[in-house]
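These are the residues of each chain, in order.
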Amino acid sequence: MAEGLKIGVLASGRGSNFQAIIDAVNAGKINAKIAVCISDVSDAYALERARKNLTATEFIDPKQYKDRAEYDRKIVETLKKYDVGLVLLAGYMKLVTPVIVDEFRNKIINIHPALLPSFPGLHVQRKAIEYRAKFSGCTVHFVDAGMDTGPIIIQAVVPVFQDDTEDSLAARILKQEHRIYPEAVRLFAEGRLSVQGRRVIIKDAPESHDEFLVNPPVRE
Ligand code: GRF
């Protein structure tokens, strides 16, 4: 069954990062197939994006399961049904338990809209503004059992302007998310990522890392 990498996406919301992955796969930039999109929210727009792409969808209703571990056992069973070799969290609002993490160690990736380890958790764009941070950004990282604590793969930096609102900062960050998430998935699909403790080694990364840097920030 060595037919190439199959991706499973877990999403709870609008799925714009999922769309960026779909587009990169369809453009031939990522050598993988998106096998399934699973959601805990029946009307998540991410599911609609999957359907438009002719990708299988599964809504798994959390209310039908007695606790998070049991729910995650169903998720694992579903991911295995689709022979998934890489799990992408794309705006997935549930914390994944060790049931998933142990099964897919170093094979689950998440995108977070802040420069980890600063501002883990929720509402992080607002927190960055309230904290008067001068820079924020986004982080693509492997997922471990903690909240936003796994080894960092790629980050992108954006400025935080004095008059930013939560929405204006989120939009600036999102643009970078759509750039670096597909990039990290491409590296994974090419077999170029390995994890040593907290360190993610990128095989054949350019010395300067230029390919991962953000263009100099400009005011929109
Ligand atoms: C993104 O900001 C992502 O970083 C965070 O949740 C948001 C999801 O947005 N994990 P979308 O559903 O991908 O549009």
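Residues numbered from 1 in each chain as written. Predicted model: local features only at pLDDT ≥ 70, side-chain atom pairs only at ≥ 80, totals over all residues. Heavy atoms only, no water.

> I tried to follow the site of the ligand on my own but got confused; where do I start?
Taken together, the residues surrounding the ligand are R14, G15, S16, N17, G91, I111, H112, P113 and E177. Within the side chain of R14, one N or O atom sits 2.5 Å away from an oxygen atom of the ligand. Between the ligand and the protein, one listed contact pairs an oxygen atom with a backbone N or O atom of N17 at 2.9 Å. Here the ligand, which alone exposes 360 Å², has 85% of that area covered by the protein. Among the cavities detected, the one that contains the ligand is the largest pocket. Secondary structure elements with two or more residues in the shell around the ligand: α1 (16–26) and β5 (108–112). Among the residues forming the shell around the ligand, the class breakdown is two nonpolar, five polar and two charged. (Near = heavy atom within 4 Å. Polar contact = N/O pair within 3.5 Å; in protein donor to acceptor, adjacent residues only side chain to side chain. Areas by Shrake-Rupley, 256 points an atom, 1.4 Å probe, with all protein chains shown as cover. 1 Å grid on protein atoms, 1.4 Å probe; cavity = no way out; pocket = protein on both sides within 12 Å on 5 of 7 lines; lining within 4 Å. Sits in = over half its atoms within 2 Å of the grid points. Helix = DSSP H or I, 4+ residues; strand = E, 2+ residues; numbered from the N terminus. Nonpolar A, V, L, I, M, F, W, Y, C, P; charged D, E, K, R; others polar.)

> Help me out: how do you make sense of the packing of α1 against helix α2 (residues 45–52) in this one?
Working note: a packed helix pair is described by the angle between its axes plus the distance between those axes. Put simply, α1 and α2 touch, their axes get as near as 9 Å, and they point 15° apart. The angle between α1 and α2 places the two elements in the roughly parallel class. Handedness of the crossing formed by α1 with α2: right-handed. Where α1 abuts α2, its residues S16, F18, Q19 and I22 lie against A46, R49 and A50. Residues that form the contact of α1 with α2 fall into these classes: four nonpolar, two polar and one charged. (Axes fitted to C-alpha atoms, helices over the stretch in contact; angles between N-to-C directions. Parallel < 35°, antiparallel > 145°, perpendicular 65-115°, else oblique. Left-handed = near helix turned anticlockwise from the far one by under 90°. Contact = heavy atoms within 4.5 Å.)

> Help me understand helix α6 (residues 166–189) in this model?
Since the α-helix turns once every 3.6 residues, residues separated by three or four places project in the same direction. Between its first and last C-alpha atoms α6 spans 33 Å; for 24 residues at 1.5 Å apiece the expected length is 34 Å, and the two agree. Following α6 by one or two positions, G191 adopts a phi angle in the positive range, close to 70°. (Expected span 1.5 Å × (residues − 1).)

> Help me out: how do you make sense of the nonpolar core in this one?
Side chains of a nonpolar character, in soluble globular proteins, are inclined to be buried together. In terms of nonpolar packing, the biggest core is built from 46 residues, with V9, F18, L88, I109 and I153 touching the most fellow members. The residues that make up this core include at least three from each of domain 1 (1–105) and domain 2 (109–220). Setting aside residues no more than four positions away along its own chain, F18 makes contact with V9, I34, C37, A46, R49, A50 and A90. V36, V76, F104 and I108 belong to the second-largest nonpolar core, a separate cluster that totals 20 residues. (Core = buried A, V, L, I, M, F, W, Y, C linked by side-chain atoms within 4.5 Å. Buried < 20%, exposed > 50% of the residue type's maximum accessible area, 1.4 Å probe, protein only. Domains from an automatic or database assignment.)

> Explain the side chain of S16 to me, please; I cannot follow it from the model alone.
Tracing the backbone shows S16 in helix α1. For S16, a relative accessible area of 14% translates into the label buried. Engagement of the side chain of S16 in a polar contact is seen with the side chain of H178, the distance being 2.8 Å. Setting aside residues up to four positions removed in sequence, S16 forms contacts with R49, L174 and H178.

> Would you take a moment to explain the domain arrangement of the protein for this structure?
Think of interface size as the accessible area that goes away when the parts come together; that is how it is often given. Each domain of the protein was delimited in the assignment, giving domain 1 (1–105) and domain 2 (109–220). Using only C-alpha atoms to locate each centre, domain 1 and domain 2 end up separated by 21 Å. Each partner contributes residues to the interface: domain 1 has 21 residues there, and domain 2 has 18 residues. Taken together, both faces of the contact between domain 1 and domain 2 bury some 1600 Å²; the carbon and sulfur share is 72%. When the buried surface of domain 1 facing domain 2 is broken down by residue, N17, L86 and L89 rank first, second and third, together holding 29% of it. Taken together, domain 1 and domain 2 are joined by five residue pairs in polar contact (both at pLDDT 80 or more). Among the secondary structure elements, those contributing two or more residues to the side of domain 1 that touches domain 2 are β1 (5–10), α1, β4 (86–89) and α4 (98–103). Here the side of domain 1 that touches domain 2 takes five residues from α1, the largest share from any one element. (Buried area = accessible area lost by both parts, 1.4 Å probe.)

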